[in-house]
Every structure is written in C-alpha cells, then in structure tokens.
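# Coordinate inspection notes
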Amino acid sequence: MIHKILNHKCPKCNEGHFYSKRNIYFNFFSNKMNKECKKCGYKFEREPGFFFGAMYVSYALGIAEAVGVFILGRLFFESVYDMRIIFWIGLTLLLLSAFNIRISRIIWIYLMRKI
C-alpha cells in the first residue's frame, strides 16, 4: 500500500492518478487534483470539507519530520538544547510543506476508502 500511496494511485482500481501532474513531489506551484479517477470513476472528494482531516495527517508528518531533524541535529550539535536546531527544523518543515500537503491528502483518502 505504501508503494501505491507514493505513486499516487487510485485506492479502488490502482491505475488512475490523484493529481493531474505526474511529478507531485517537486511541483510546488500546481496542486491540481483530479475530481475522480479517470479509469474507474472513483470520486476522490466525497463532500465539501472532506480534506480537513488531511490536516491532521499533515500535522503528524510534520511532527515526525521535526523529530527526525532534532535527532539528526543532536549528532552535529554539542548541546542538546542548542537553539540553532530550531532554524534547521523550520527550514525542513518549510521545504517539505508542499510535499506534506499532497501526500497527506492521498493518505487521508486511503484511510477513508472503506467508509
């Protein structure tokens, strides 16, 4: 399932794509999502506000990334509470924000596909 999520495939038919652009990872300006799967017709956005739950997934991804940067930062900084790590955590979250928005929507759809 992780492979399907990273390749942004439809949860029903595993062939259609969520986004109109193929490369969603390094595409910072276009967040155009298809309304439904072009292969099977699976509707991605079921109701208005469906993706509000994806904000929680994006928050969890951001926390995991921040903890990962903090753990890596402890290897390079002498003190555990070195304030320079805040800059690196902020920069990481800023650079990965476009990726987090896109992948959190896909994860949210996969979590809610049975409901």
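Everything discussed here concerns the structure shown above.
Now for a quick tour of the structure. All figures in this text were calculated on a predicted structure; none of them were measured in a lab.

Calculation notes
- Residues numbered from 1 in each chain as written.
- Predicted model: local features only at pLDDT ≥ 70, side-chain atom pairs only at ≥ 80, totals over all residues.
- Heavy atoms only, no water.
- Helix = DSSP H or I, 4+ residues; strand = E, 2+ residues; numbered from the N terminus.
- Buried < 20%, exposed > 50% of the residue type's maximum accessible area, 1.4 Å probe, protein only.
- Contact = heavy atoms within 4.5 Å.
- Phe/Tyr/Trp six-rings, centres within 6.5 Å; stacked < 30°, edge-to-face > 60°.
- Lys NZ or Arg CZ within 6 Å of the ring centre and 35° of its normal.

We now examine the environment of Phe-18. Structurally, Phe-18 is set in the loop between helix 1 (2–6) and helix 2 (54–76). Under the relative-accessibility criterion, Phe-18 is labelled buried at 0%. Considered as a pair, Phe-18 and Ile-106 are 88 residues apart in the sequence and their alpha carbons are 7.6 Å apart. Once residues within four sequence positions are removed from consideration, Phe-18 is found in contact with His-8, Lys-9, Cys-10, Pro-11, Met-33, Asn-34, Phe-44, Ile-106, Ile-109 and Tyr-110.

A word on the packing of aromatic side chains. Within this structure, the stated rule accounts for five aromatic pairs. Here Phe-50 and Phe-51 contribute two aromatic rings whose centre-to-centre distance is 5.1 Å and whose plane-to-plane angle is 75°, an arrangement assigned as edge-to-face. Taking the relative accessible area as the measure of exposure, Phe-50 reaches 11% and is therefore buried. Residue Phe-51 is classed as buried on the basis of its relative accessible area, which comes to 12%. Arranged with centres 5.1 Å apart and planes meeting at 75°, the rings of Phe-87 and Trp-88 form a pair that is edge-to-face. Given the relative accessible area of 52%, Phe-87 is considered exposed. By relative accessible area, Trp-88 is classed as partly exposed at 43%. Site record: aromatic cluster; members linked through ring pairs are Phe-18, Tyr-42, Phe-44 and Tyr-110. The residue whose ring lies beneath Arg-105 is Phe-51, and the NZ or CZ to ring-centre distance is 4.9 Å.

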